[in-house]
Amino acid sequence: MKELVRALENALDLRYHRGGSLVRLAPYLHEHTAGRIGSLARLVKQAAITALIDGTERITKATLDGVRLDHLAEQRYRPRARTKPGSR
């Protein structure tokens with residue numbers, strides 16, 4: 001997964017994007033896209049377009065969270081609920 005994310009990231013032509021930042025998010029990206037390569041490619045592409053349009057020219061976790069996933073990934077993605085300490 002990390003090598004695929006690295007390849008996608010290396011293909012980005014964003015002025016302010018920090019190399020390796022998407023690779024560090026690989027576990028999140030895998031969960032977020034339900035492990036689907038097509039969903040991952042679409043997510044990164046849409047995030048890059050957003051970064052160009054808004055002028056930031058970088059992809060962050062917040063940028064990725066703002067992209068609507070494709071139908072299959074949406075159906076499978078379930079963010080982990082955070083529990084409060086001592087609530088178990």
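Placed above this text is the structure.
To keep things clear, this report deals only with the structure shown in the data block. Bear in mind that the values here come from a model prediction, so they are computed numbers and not experimental data.

The next thing to look at is the overall build of the protein. Check the secondary structure of the protein and you find six helices and zero strands. In the protein, the succession of α and β elements from N to C terminus is α-α-α-α-α-α. For the protein, the proportion of contacts with a sequence separation of at least 24, taken over those separated by at least 6, is 63%. If you sum the accessible surface of the protein, you get close to 6,300 Å²; carbon and sulfur atoms cover 50% of it.

This part covers the packing of helix α1 (residues 2-10) against helix α4 (residues 37-54). Each pair of packed helices can be described by the angle between their axes along with the distance between the axes. α4 packs onto α1 with a crossing angle of 30 degrees between their chain directions and a minimal axis gap of 11 Å. The pairing of α1 with α4 is recorded here as roughly parallel in orientation. In the crossing of α1 with α4, the sense of the turn from one axis to the other is right-handed. When α1 is examined against α4, the residues Leu4, Val5 and Leu8 are found in contact with a partner set consisting of Ile37, Leu40, Ala41 and Val44. Residue composition of the contact of α1 with α4, by class: seven nonpolar, no polar and no charged.

Glancing now at a nonpolar patch on the surface. Together, Met1, Leu4 and Ile37 line one region of the surface with nonpolar side chains, adding up to about 270 Å² of accessible area. Relative to the helices and strands, Met1 resides in the segment before α1.

Bringing the packing of aromatic side chains into the picture now. Counted under the stated rule, the structure contains zero aromatic pairs. Seen from the ring of Tyr28, Lys61 lies directly overhead, with NZ or CZ sitting 4.5 Å from the centre.

The rules behind these values
Residues numbered from 1 in each chain as written. Predicted model: local features only at pLDDT ≥ 70, side-chain atom pairs only at ≥ 80, totals over all residues. Heavy atoms only, no water. Helix = DSSP H or I, 4+ residues; strand = E, 2+ residues; numbered from the N terminus. Contact = heavy atoms within 4.5 Å. Areas by Shrake-Rupley, 256 points an atom, 1.4 Å probe, with all protein chains shown as cover. Axes fitted to C-alpha atoms, helices over the stretch in contact; angles between N-to-C directions. Parallel < 35°, antiparallel > 145°, perpendicular 65-115°, else oblique. Left-handed = near helix turned anticlockwise from the far one by under 90°. Nonpolar A, V, L, I, M, F, W, Y, C, P; charged D, E, K, R; others polar. Patch = residues over 30% accessible without salt bridge, like charges linked within 9 Å, V, L, I, M, F, W, Y side chains within 5 Å. Salt bridge = Lys/Arg side-chain N within 4 Å of Asp/Glu carboxyl O. Phe/Tyr/Trp six-rings, centres within 6.5 Å; stacked < 30°, edge-to-face > 60°. Lys NZ or Arg CZ within 6 Å of the ring centre and 35° of its normal.

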